[in-house]
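Observations on the three-dimensional arrangement
Listed below, chain by chain, are the residues.
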Amino acid sequence: MLGLGLKPLQDILNRKADEIQREFIQLGEEVDHLNSELLQLEGDGRKAALAKQKQLRGRRQQLS
């Protein structure tokens, strides 16, 4: 009986884990894209890209 009551909770936790995993992967793709852009950027554009990259990496660290 207790196992049946835990199934909905397990489903909720699995959905949340999937959501976090998708966000983690998306953030990684954005960081990779910024890495490519950094090779071409200079000045303020480069500073903004580096700041964004730092923010994305921080968010990935929070998720992990």
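The structure presented is a predicted model; accordingly, all values stated were derived computationally and were not measured.

The subject of this paragraph is the overall build of the protein. In terms of regular secondary structure, the protein is built from two helices and zero strands. In summary, the protein has a C-alpha radius of gyration of 18 Å against a globular reference of 11 Å for 64 residues, an excess of more than 25%. In terms of overall dimensions, the protein has C-alpha extents of about 65 × 15 × 10 Å along its principal axes. A burial count over the protein gives 14% of its 64 residues as buried. Entry remark: accessible area of the protein is about 5,400 Å², with carbon and sulfur atoms responsible for 55%. Between the averaged position of the 11 positive side-chain charges in the protein and that of its 10 negative side-chain charges there is a distance of 5 Å.

What the rule picks out here adds up to three salt bridges. Note that lysine 16 and glutamate 19 form a salt bridge whose closest N and O atoms lie 3.4 Å from each other. Placement of the pair is lysine 16 and glutamate 19 together in helix α1 (residues 2-38), with a separation of three residues, close to one helical turn. Looking at lysine 16, the relative accessible area reads 42%, which means it is partly exposed. Overall, the relative accessible area of 40% leaves glutamate 19 in the partly exposed class.

Moving on to a nonpolar patch on the surface. There is a patch of nonpolar side chains on the surface, built from Leu6, Leu9 and Leu13 and spanning about 290 Å² of accessible area. Structurally, leucine 9 is set in helix α1.

In terms of nonpolar packing, the biggest core is built from seven residues, these being Leu27, Val31, Leu34, Leu38, Ala49, Leu56 and Leu63. Per-element accounting of this core gives the leading share, four residues, to α1.

Quick notes on the rules
Per chain, the residues get numbers from 1 upward, laid out in the order the sequence is written. With pLDDT at 70 or above as the cut-off, local features in this predicted model cover only qualifying residues; side-chain atom pairs require 80 or more to be listed or tallied, and sums for whole chains, interfaces and linings still use all residues. Just so you know, side-chain values use all the structure's heavy atoms and leave hydrogens and water out. Put simply, DSSP H or I for four residues or longer makes a helix, DSSP E for two residues or longer makes a strand, and each gets a number counted from the N terminus. Our radius of gyration looks at C-alpha atoms and nothing else; its globule reference is 2.2 Å times the residue count to the power 0.38. With a 1.4 Å probe rolled over the protein chains alone, any residue whose accessible area is under 20% of its type maximum counts as buried; one over 50% counts as exposed, and the rest are partly exposed. Note on areas: Shrake-Rupley with a 1.4 Å probe; residue coverage comes only from the protein chains shown. Neither His nor the chain ends contribute to the count of charged residues, in which Lys and Arg are positive and Asp and Glu negative. By convention, the charge on Lys lies at NZ, on Arg at CZ, on Asp at CG and on Glu at CD. Salt bridges are defined as contacts in which a side-chain nitrogen from Lys or Arg sits within 4 Å of a carboxyl oxygen from Asp or Glu. To count toward a patch, a residue needs a relative accessible area over 30% and no salt bridge; like charges are then connected within 9 Å, while nonpolar side chains (Val, Leu, Ile, Met, Phe, Trp, Tyr) are connected within 5 Å. Take the buried residues of types Ala, Val, Leu, Ile, Met, Phe, Trp, Tyr and Cys, join any two whose side-chain atoms come within 4.5 Å, and each joined set is a nonpolar core.

These results come straight from atomic positions and should not be treated as a statement about function.
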